[in-house]
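Chain and residue survey
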Amino acid sequence: MELFVNTDAAAMSPLGLFLQADWVVKAVMIGLLLASIWTWGIIFSLRGRIAKARKSTDAFERDYRKSDDIDVFYRMHGDSDHPVARVFAAGVTEWRRSTGGRALDKEGTRERLATTMGAAVAHEIDKLSDRLNILATIGAVAPFVGLFGTVWGIMRSFTAIASEQNTSLAVVAPGIAEALFATAIGLFAAIPAVIAYNRFSHGINKVEAHLGRFADGFHTTLSRQLDSGPVPGKPGL
């Protein structure tokens, strides 16, 4: 039995498959392509933000360890626009508020310092991980959207077989090719999203651990200074 197969390269190209697809499959393809573009935009944005946060944290800690006067260091670096500096500034601000009065509650001051800097760390991590959930959503949903396009294209192929009563590849191939192309676009969107999500989650966790260690160390320094007895109304920072 002779099989009539459409071998037109233009018709079987990605653009050709898109143009000959019906409106449902076209909508699926367009949506997945937009999701892929969105994914790569988020990837480049998060990559730069995480790298900047890690470098700035390392540099800030190096300068902090070299400083002998926290008050002077705060005047020089307290207004810096990066996560660890804002955690540091939150600790200094709370210290001044807690030790600025006449009555000094040491345990209360320690608790407020820990709570304030912990909240500052959490806030910075929330800002840093913004849109990370979008990568997770695209990575989880895109393959199923592509699968929907695949199922729809295969259904269209069987409809063509039934209407034309012809089982040749010339009738079946276009619909199946469109269906597989939708699946490929779904994977093209999902795979980078999943890889980036896992990679960035690891990077953000490292930044969070780094900020947490800095906050703990700074809390220890302030607690030690608290034990040394700051003069009420004249805080040590």
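Definitions and limits used
- Residues numbered from 1 in each chain as written.
- Predicted model: local features only at pLDDT ≥ 70, side-chain atom pairs only at ≥ 80, totals over all residues.
- Heavy atoms only, no water.
- Helix = DSSP H or I, 4+ residues; strand = E, 2+ residues; numbered from the N terminus.
- Buried < 20%, exposed > 50% of the residue type's maximum accessible area, 1.4 Å probe, protein only.
- Contact = heavy atoms within 4.5 Å.
- Areas by Shrake-Rupley, 256 points an atom, 1.4 Å probe, with all protein chains shown as cover.
- Phe/Tyr/Trp six-rings, centres within 6.5 Å; stacked < 30°, edge-to-face > 60°.
- Polar contact = N/O pair within 3.5 Å; in protein donor to acceptor, adjacent residues only side chain to side chain.
- Salt bridge = Lys/Arg side-chain N within 4 Å of Asp/Glu carboxyl O.
- pLDDT = per-residue confidence, 0-100.
- Patch = residues over 30% accessible without salt bridge, like charges linked within 9 Å, V, L, I, M, F, W, Y side chains within 5 Å.
- Core = buried A, V, L, I, M, F, W, Y, C linked by side-chain atoms within 4.5 Å.

Section: the overall build of the protein
Scanning the protein from N- to C-terminus turns up 7 helices and 0 strands. Along the protein, from the amino end to the carboxyl end, the secondary structure elements read α-α-α-α-α-α-α. Per-residue burial over the protein gives 42% buried out of 237 residues. Across the protein, every contact between residues at least 6 apart in sequence was considered, and the portion connecting residues at least 24 apart equals 79%. By element, 62% of the accessible surface of the protein is carried by carbon and sulfur atoms, the whole surface being about 13400 Å².

Some thoughts on the packing of aromatic side chains
Summed over the entire model, instances satisfying the criterion amount to 14 aromatic pairs. Seen from their ring centres, phenylalanine 60 and phenylalanine 73 are 5.1 Å apart, and the 70 degrees between their planes marks the pair as edge-to-face. Of this pair, phenylalanine 60 sits in helix H2 (residues 23–66) while phenylalanine 73 sits in helix H3 (residues 70–77); the two residues are 13 residues apart in sequence, bridging distant segments of the chain. The exposure class assigned to phenylalanine 73 is buried, which follows from its relative accessible area of 3%. Between tyrosine 64 and phenylalanine 73, the ring centres sit 5.7 Å apart and the planes meet at 70 degrees, which makes this aromatic pair edge-to-face.

As for the environment of threonine 99
As for its placement among the helices and strands, threonine 99 is situated in helix H4 (residues 83–99). Judged by relative accessible area, threonine 99 falls into the buried class, the value being 2%. For the pair formed by threonine 99 and leucine 226, sequence separation is 127 residues and the distance between their alpha carbons is 8.9 Å. In this structure the side chain of threonine 99 is engaged in a polar contact, spanning 2.7 Å, whose partner is the backbone oxygen of tryptophan 95.

Considerations on the pattern of salt bridges
Overall, the coordinates contain 8 salt bridges when judged by the stated rule. Close ionic contact of arginine 86 with glutamate 124 constitutes a salt bridge, the shortest N to O distance being 2.8 Å. In this pair, arginine 86 sits in helix H4 while glutamate 124 sits in helix H5 (residues 106–128), placing the two residues 38 residues apart along the sequence. A relative accessible area of 5% places glutamate 124 in the buried class. Linking arginine 112 and glutamate 94 is a salt bridge whose minimum nitrogen-to-oxygen distance equals 3.5 Å. Linking arginine 112 in helix H5 with glutamate 94 in helix H4, this pair joins segments that are 18 residues apart in sequence. One salt-bridge network, in which partners are shared between bridges, spans Asp71, Arg75 and Arg96.

Structural notes on the confidence of the model for the protein
One rule of thumb: low pLDDT means the predicted coordinates there are not for detailed reading. With 81% of its residues at a pLDDT of 70 or more, the protein shows a mean pLDDT of 83. Model confidence for the protein, summarised as mean pLDDT per element, is weakest for helix H1 (residues 14–20) at 69 and strongest for H5 at 93. Every residue in residues 1–7 is under pLDDT 50, and counting partners more than four places away or in other chains gives 9 contacts. For residues 231–235, every residue scores under 50 in pLDDT, and the model assigns this stretch 8 contacts once sequence neighbours within four places are set aside.

Structural notes on a nonpolar patch on the surface
Among the surface-exposed residues, Phe144, Leu147, Val151 and Met155 lie close enough to one another that they form a single nonpolar patch of about 410 Å² accessible area. Among the structural elements, valine 151 can be located in helix H6 (residues 132–164). Judged by its relative accessible area of 42%, valine 151 falls in the partly exposed class.

Some words on the nonpolar core
By size, the foremost hydrophobic cluster in this structure holds 50 residues, and its most contacted members are Phe88, Leu135, Phe200 and Phe218. If you list the elements that add at least two residues to this core, you get H2, H3, H4, H5, H6 and helix H7 (169–227). Sort the elements by how many residues they give to this core and H7 lands first, with 16 residues. Those residues within four positions of leucine 135 in sequence are excluded, and the remaining contacts are Thr39, Ile42, Ile43, Leu46, Ala193, Ala196, Tyr197 and Phe200.

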